[in-house]
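Listed below are the residues making up each chain.
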Amino acid sequence: MTLNLARLHETFAAEISGVDLANPDEDALERIASAIDEYGVVVVRGQTLQNDEQVAFASRFGPLELSVTRYRSGTKQRIERKEIVDVSNLDENDRPRAMNDRLRMLLLGNRLWHTDSSFRATPGALSMLYAGVVPPEGGETEFADTRTAYETLPRALRNRVEDSVAEHALMYSREQLGFTDFSQEERDALPPVQHPVVRVSPAHGRRALYIGSHASHIVGLPVPEGRMMLRDLLDHATARETVYVHHWRVGDLVIWDNRCTMHRGKAYDESYPRDLRRVTTSDIQARSTLDMLRERRSVNM
Ligand code: OGA
Ligand code: MN
């Protein structure tokens with residue numbers, strides 16, 4: 001099988017074909033890792049991945065996070081493996097969740113531009129989202145290139161953000177939609193954290209904006225001032241020229257690097273099932289994807 005790469009957008013995102021992710025060889029893994037470092041978003045179509053296979057593939061690239069949907073004891077889960085985030089609209093009987101279902105409302109926050117787990121002290125590195133069932137229309141996922149966004153900032157704004165630090169909280173992103181149903185246990189488990197607004201990509205040294213819906217304000221600025229700055233940055237980063245729209249097909253695995261992209265889900269008719277499952281690696285050492293793959297290989301052998 002020959003592995004091919006085709007660009008999907010002028011500035012980022014690529015599709016790789018000719019690989020079976022349930023049985024990838026080491027060469028294919030290296031090429032996928034390099035493509036993630038270079039393009040930020042990598043699409044692989046036509047896969048059949050069981051939960052265990054998706055977890056096994058993702059764990060080659062780093063330790064895996066646990067979903068925040070697991071933080072509340074007693075929540076009924078459709079998927080056993082705790083590394084898998086169930087981003088479907090289905091309940092434990094595989095039926096579409098009710099409009100006011102708590103998990104549905106928690107996941108509605110995915111429709112705001114964000115970067116996965118920026119509300120954690122050790123945030124998300126790579127996310128890998130697999131499509132098992134897709135609705136007939138809508139439900140696309142949009143991606144924004146935050147490296148190009150940084151590079152095209154007006155100079156004055158770029159200078160202002162250079163040393164800025166933002167505070168991020170899951171509670172903040174959810175409160176924006178009026179969702180506040182968190183227990184004290186959940187609030188204690190996820191206190192606000194701080195991250196620089198500009199991140200340097202470990203692979204190529206390019207800078208990227210690190211913002212999104214969890215970012216509530218800028219440390220050291222009056223809250224309205226910092227919040228306005230974050231809005232201006234978000235508008236700039238999500239202009240049409242820096243956005244790739246992914247139209248899902250069954251069997252797609254889309255991998256993105258949360259350190260240099262943002263994303264959001266689009267609405268769809270939720271009487272149809274949409275079964276997407278995500279696994280996310282933890283950015284434990286802020287290493288490039290290729291370095292992380294190589295390091296984990298030497299540890300596992
Ligand atoms: C995610 C996410 C958006 C979507 O899984 O992290 O934001 O389109 N998903 O389901
Ligand atoms: Mn997400």
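Going by the structure above, here's the rest.
Throughout this document, residue positions are counted from 1 along each chain, in the order its sequence is written. Chains carry letters and ligands carry numbers; both start at the beginning, A for chains and 1 for ligands, and go up in the order they are written. Where totals are concerned, whole chains, interfaces and linings use all residues; where local detail is concerned, this predicted model gives features only for residues with pLDDT of at least 70, and gives and counts side-chain atom pairs only at 80 or more. Where side-chain values are given, they derive from all heavy atoms of the structure, hydrogens and water being excluded.

## Here we look at the pairing of strand β1 (residues 4-7)
- Taken together, the four bridges between β1 and strand β2 (residues 14-17) define a ladder with antiparallel strand orientation. Across the sheet, R7 pairs through a bridge with A14, a residue of β2.
- Between any two strands, at least two bridges found by DSSP are needed for them to pair. Each helix is a run of H or I in the DSSP string that is no shorter than four residues. Each strand is a run of E no shorter than two, and both are numbered from the N terminus. In textbook terms, the turn of a hairpin is the stretch between consecutive antiparallel strands, and for β1 and β2 this stretch comprises six residues, one of which, A13, has a positive phi near 65°.

## With respect to helix α8 (residues 223-237)
- Compared with an ideal rise of 1.5 Å per residue, which puts 15 residues at 21 Å, α8 spans 21 Å between its outermost C-alpha atoms and is within 8% of the ideal.
- Accessibility here uses a 1.4 Å probe with only protein chains present; expressed as a share of the type maximum, an area under 20% marks a residue as buried, one over 50% as exposed, and anything in between as partly exposed. Buried within α8 we find G226, M229, L230, L233 and A237. What you see down the axis of α8 is that its buried residues fit within an arc of 100°, all on one side. Exposed residues on α8 whose side chains face more than 90 degrees from its buried face are P224, R231 and D235.
- Contacts from the buried residues of α8 go to β6 (141-145), α4 (146-151), α5 (155-161), β10 (207-209), β11 (215-218) and β14 (261-265). One less than the number of residues in a helix, times 1.5 Å, gives the span that helix is expected to have. Arc, as used here, means the arc of the directions from the helix axis to the C-beta atoms. We call two residues contacting when some pair of their heavy atoms lies within 4.5 Å.

## Structural notes on the coordination of the manganese ion (ligand 2)
- Only nitrogen, oxygen and sulfur atoms count as donors, using a 2.8 Å cut-off from the metal that widens to 3.2 Å for Na, K and Ca. Water is left out, so coordination shells may look unfilled. Looking at the manganese ion (ligand 2), the protein donor atoms are H114 (NE2), D116 (OD) and H263 (NE2), and they sit 2.1 to 2.2 Å from it.
- Sequence spacing of the donors to the manganese ion (ligand 2): H-x1-D-x146-H. You can see H114 sitting in the loop between α3 (102-108) and β5 (124-133) and its partner H263 sitting in strand β14, a full 149 residues away along the chain. Comparing H114 with H263 shows no difference in burial state: the two are buried.

## Details of the pattern of salt bridges
- In what follows, salt bridge is the name for a side-chain nitrogen of Lys or Arg lying within 4 Å of a carboxyl oxygen of Asp or Glu. Under the definition given, this model contains 27 salt bridges.
- Between D181 and R102 there is a salt bridge, and its shortest N-O distance comes to 3.3 Å. Of this pair, D181 sits in the loop between α6 (170-175) and α7 (184-189) while R102 sits in helix α3, and the two are 79 residues apart along the sequence.
- Since its relative accessible area comes to 17%, R102 is described here as buried.
- In this structure, the salt-bridge partner of D283 is R259, at a minimum N-O distance of 2.9 Å.

## What to know about the site of ligand 1
- V87, N110, H114, D116, L129, E140, T141, W256, H263, G265, R274 and R278 make up every residue found near ligand 1.
- Polar contact is the term for a pair of N or O atoms within 3.5 Å; when the atoms are in protein, one must be able to donate a hydrogen and the other to accept it, and sequence-neighboring residues count only if both atoms are side-chain atoms. H114 is positioned such that a nitrogen or oxygen atom in its side chain is 3.1 Å from an oxygen atom of ligand 1.
- Here D116 contributes a side-chain N or O atom positioned 3.1 Å from an oxygen atom of ligand 1.
- Across the shell around ligand 1, the residue classes tally to three nonpolar, five polar and four charged. Proximity is defined per residue: if any heavy atom of the residue lies within 4 Å of a molecule or strand, that residue is considered near it. Side-chain classes follow a simple rule in which Ala, Val, Leu, Ile, Met, Phe, Trp, Tyr, Cys and Pro form the nonpolar group, Asp, Glu, Lys and Arg form the charged group, and the remainder, Gly included, forms the polar group.

## Observations concerning the sheet that holds β14
- Taken in spatial order, the three strands line up as β12-β6-β14 in an open sheet, and their pairing is antiparallel. Each end of this open sheet is capped by a strand with a single partner; those strands are β12 (243-246) and β14. Averaged over all pairs of adjacent strands, the angle between strand axes in this sheet comes to 20°, irrespective of strand direction. Axis definition: a line fitted to C-alpha atoms, limited for helices to the stretch in contact. Angles are taken between N-to-C directions and run from 0 to 180 degrees.

## A short note on the packing of aromatic side chains
- Aromatic rings from Phe, Tyr and Trp, taking only the six-membered ring of Trp, are treated as a pair when their centres fall within 6.5 Å; an angle between ring planes under 30 degrees marks them as stacked, one over 60 as edge-to-face, and anything in between as tilted. Inspection of the entire model under this criterion finds four aromatic pairs.
- Chaining the aromatic ring pairs together yields one cluster made of F143, Y244 and W256.
- The rule for a charge over a ring is simple: NZ of Lys or CZ of Arg within 6 Å of the ring centre, and within 35 degrees of the ring normal. Note that R158 overlies the ring of Y150, its terminal NZ or CZ placed 5.6 Å from the centroid.
- Positioned above the aromatic ring of Y210 is the side chain of R199, whose terminal nitrogen or guanidinium carbon lies 5.2 Å from the ring centre.

## Considerations on the sheet that holds β1
- Strand order across the open sheet formed by seven strands is β1-β2-β3-β13-β5-β15-β4, with mixed pairing between neighbours. A single partner strand is all that each edge strand has here, and the edge strands are β1 and β4 (85-86).
- Here β5 pairs with strand β15 (residues 275-282) via seven bridges, running antiparallel. Each bridged residue has a counterpart across the sheet, and for M128 the counterpart in β15 is V279.
- Sheet contacts for helix α1 (residues 26-39): β1, β2, β3 (41-44), β5 and β13 (253-257); angle to β2, the most-contacted strand, approximately 170°.
- The strands touched by helix α2 (residues 51-59) within the sheet are β5, β13 and β15, with β15 carrying the most contacts at an inclination of about 25°.

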